[in-house]
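Here is what each chain is made of, one letter per residue.
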Amino acid sequence: MKVLVTGGTSGLGLAMASALATVGATVALTGRSGRRASSVAAELPGVVGIEMDVRDESSVARAVDQAWSRLGGIDMLVNNAGIGMRTVNPRFMTHPQGFWEVPVDGFRAVIETNLTGYFLVAREVTPRMLAAGGGRIVNVSVSDSTMHRAGFVPYGPSRAGSESLSRIMAADLRDTGVTVNLLLPGGPTVTGMLPLDTVPEGREFLEPTVMGPPIVWLASDDAVGVHDERIVAVEFEGWLRDRNGRQ
């Protein structure tokens, strides 16, 4: 399995790239800094690092072309690159701000990364997958509560948009051989997006490794034909048992 993971230098992306590499997949992980992407990739077996700014069409085109060439194709795209609330409000966990207080440039940066970025990368990869006869796209999302919680503009809308984008992508690609699924942790997760020094006491957080088992399964032969599913990582084992029971 040849996999492209965007935003793979840390957090959920790195956890998924590591899990895939551990089971023998060849992986290209991306980051805005090519040097950092290469450095992180060098620590993992069968992984290459590639520079990509998901907000920029030309950067996306170059990176996808590089990944396709270096991996010998792309069987799976994991759309994961994103930025969080810290970019517009470093104290968002303890001092939420109203949407009218969000800087316009900050709003645009989050939307362009978390939503437009998913579109641009999938738009570049999908025609190649169709020409190759198939492929798999996994779009990473977050819990529903983030999408309507006070103080979560623009992050919540960006992720709500990416979920809608994913569902429409799945509808557009039905019966083409290219599958599209959503994957989310199932709760707040310890990543660089989370300001741990300002987290309220008593809150529990997931580790990024929770994404490992479901992404490995989605890359496996068992997931052939799985399409338009919304998979919650913390509920994955139960979801899989239920699914197998329905078959």
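So, how was this worked out
Residues numbered from 1 in each chain as written. Predicted model: local features only at pLDDT ≥ 70, side-chain atom pairs only at ≥ 80, totals over all residues. Heavy atoms only, no water. Pairing = 2+ DSSP bridges. Helix = DSSP H or I, 4+ residues; strand = E, 2+ residues; numbered from the N terminus. Axes fitted to C-alpha atoms, helices over the stretch in contact; angles between N-to-C directions. Contact = heavy atoms within 4.5 Å. Buried < 20%, exposed > 50% of the residue type's maximum accessible area, 1.4 Å probe, protein only. Polar contact = N/O pair within 3.5 Å; in protein donor to acceptor, adjacent residues only side chain to side chain. Core = buried A, V, L, I, M, F, W, Y, C linked by side-chain atoms within 4.5 Å. UniProt positions renumbered as here; feature names shortened; annotations may be inferred. Salt bridge = Lys/Arg side-chain N within 4 Å of Asp/Glu carboxyl O. Parallel < 35°, antiparallel > 145°, perpendicular 65-115°, else oblique. Left-handed = near helix turned anticlockwise from the far one by under 90°. Nonpolar A, V, L, I, M, F, W, Y, C, P; charged D, E, K, R; others polar.

Chemist: Please explain the sheet that holds strand E6 (residues 178-184) as it appears in this structure.
Modeler: One key point about sheets: their strands pair by backbone hydrogen bonds, in either a parallel or an antiparallel sense. Pairing in this open sheet of seven strands is parallel, and the strands run E3-E2-E1-E4-E5-E6-E7 from one edge to the other. Strands at the two margins of the open sheet, each flanked by one partner only, are strand E3 (47-51) and strand E7 (230-232). When strand polarity is set aside, the average angle formed by the axes of neighbouring strands in this sheet is 20 degrees. Relative to E7, E6 is paired through three bridges, and the arrangement is parallel. The residue bridging Leu-183 from the neighbouring strand is Ile-231, located in E7. On the sheet, helix H4 (residues 104-132) packs against strand E1 (2-5), strand E4 (76-79), strand E5 (135-140) and E6 and is oriented at approximately 175 degrees with respect to E4.

Chemist: When you look at unusual backbone geometry in this model, what are you seeing that I'm missing?
Modeler: Among all residues except glycine, the phi angle is most often negative; among peptide bonds, the trans geometry is most common. Although it is not a glycine, Asp-175 sits at a positive phi angle of roughly 65 degrees. Its place among the elements puts Asp-175 in the loop between helix H5 (155-173) and E6. The phi dihedral of Asp-228 falls on the positive side, at around 60 degrees, and the residue is not glycine. Considering the arrangement of structural elements, one finds Asp-228 in the loop between helix H6 (212-218) and E7.

Chemist: Just checking my understanding: could you explain the environment of Asn-114 for this structure?
Modeler: Within the secondary structure layout, Asn-114 lies in helix H4. According to the relative accessible area criterion, Asn-114 is buried, its value standing at 0%. Once the C-alpha coordinates of Asn-114 and Arg-55 are considered, the two residues, 59 residues apart in sequence, prove to be 8.8 Å apart. Setting aside residues no more than four positions away along its own chain, Asn-114 makes contact with Ala-81, Gly-82, Ile-83, Tyr-155, Ser-158, Arg-159 and Ser-162. For Asn-114, the side chain forms a polar contact with the side chain of Ser-158, separated by 3.1 Å.

Chemist: Would you take a moment to explain the nonpolar core for this structure?
Modeler: Judged by nonpolar contacts, the single largest core of 61 residues is most densely connected at Ile-215 and Trp-217. Apart from the residues lying within four places of it in its own chain, the contact partners of Ile-215 are Met-16, Ala-19, Leu-20, Met-76, Val-78, Val-138 and Leu-183.

Chemist: Looking at this structure, how should I read the UniProt feature "signal peptide" (unreviewed entry) in the protein chain?
Modeler: UniProt annotation of "signal peptide" (unreviewed entry) refers to residues 1-21 when read in the numbering used here. Annotated as 52% helix and 19% strand, the span residues 1-21 places its first and last C-alpha atoms 10 Å apart.

Chemist: Just checking my understanding: could you explain the pattern of salt bridges for this structure?
Modeler: Any two side chains of opposite charge can pair, on the condition that their charged atoms come close. Summed over the entire model, instances satisfying the criterion amount to five salt bridges. In the salt-bridge network here, residues are joined through shared partners; they are Arg-167, Arg-174 and Asp-228.

Chemist: Mind showing me how you'd approach the pairing of E3 here?
Modeler: Within E3, four of the five residues are buried, which leaves the element mostly enclosed by the surrounding structure. Where strand E2 (residues 26-31) lies against E3, five bridges are found, and the strand directions are parallel. Residue pairing for E3: Gly-31 is matched across the bridge by Glu-51.

Chemist: Is there a simple way to think about the packing of H4 against H5 in this case?
Modeler: For any two helices packed against each other, the geometry is given by the interaxial angle and the distance between the axes. Interhelical geometry of H4 versus H5 gives an angle of 20 degrees and a closest axis separation of 8 Å. Here H5 runs roughly parallel to H4, going by the angle between their axes. Note that H4 runs across H5; the crossing there is right-handed. Between H4, through Val-110, Ile-111, Asn-114, Leu-115, Tyr-118, Phe-119, Ala-122, Thr-126 and Leu-130, and H5, the contact on the second element is made entirely by Tyr-155, Pro-157, Ser-158, Arg-159, Gly-161, Ser-162, Leu-165, Met-169 and Leu-173. Of the residues contributing to the contact of H4 with H5, the split by class is 12 nonpolar, five polar and one charged.

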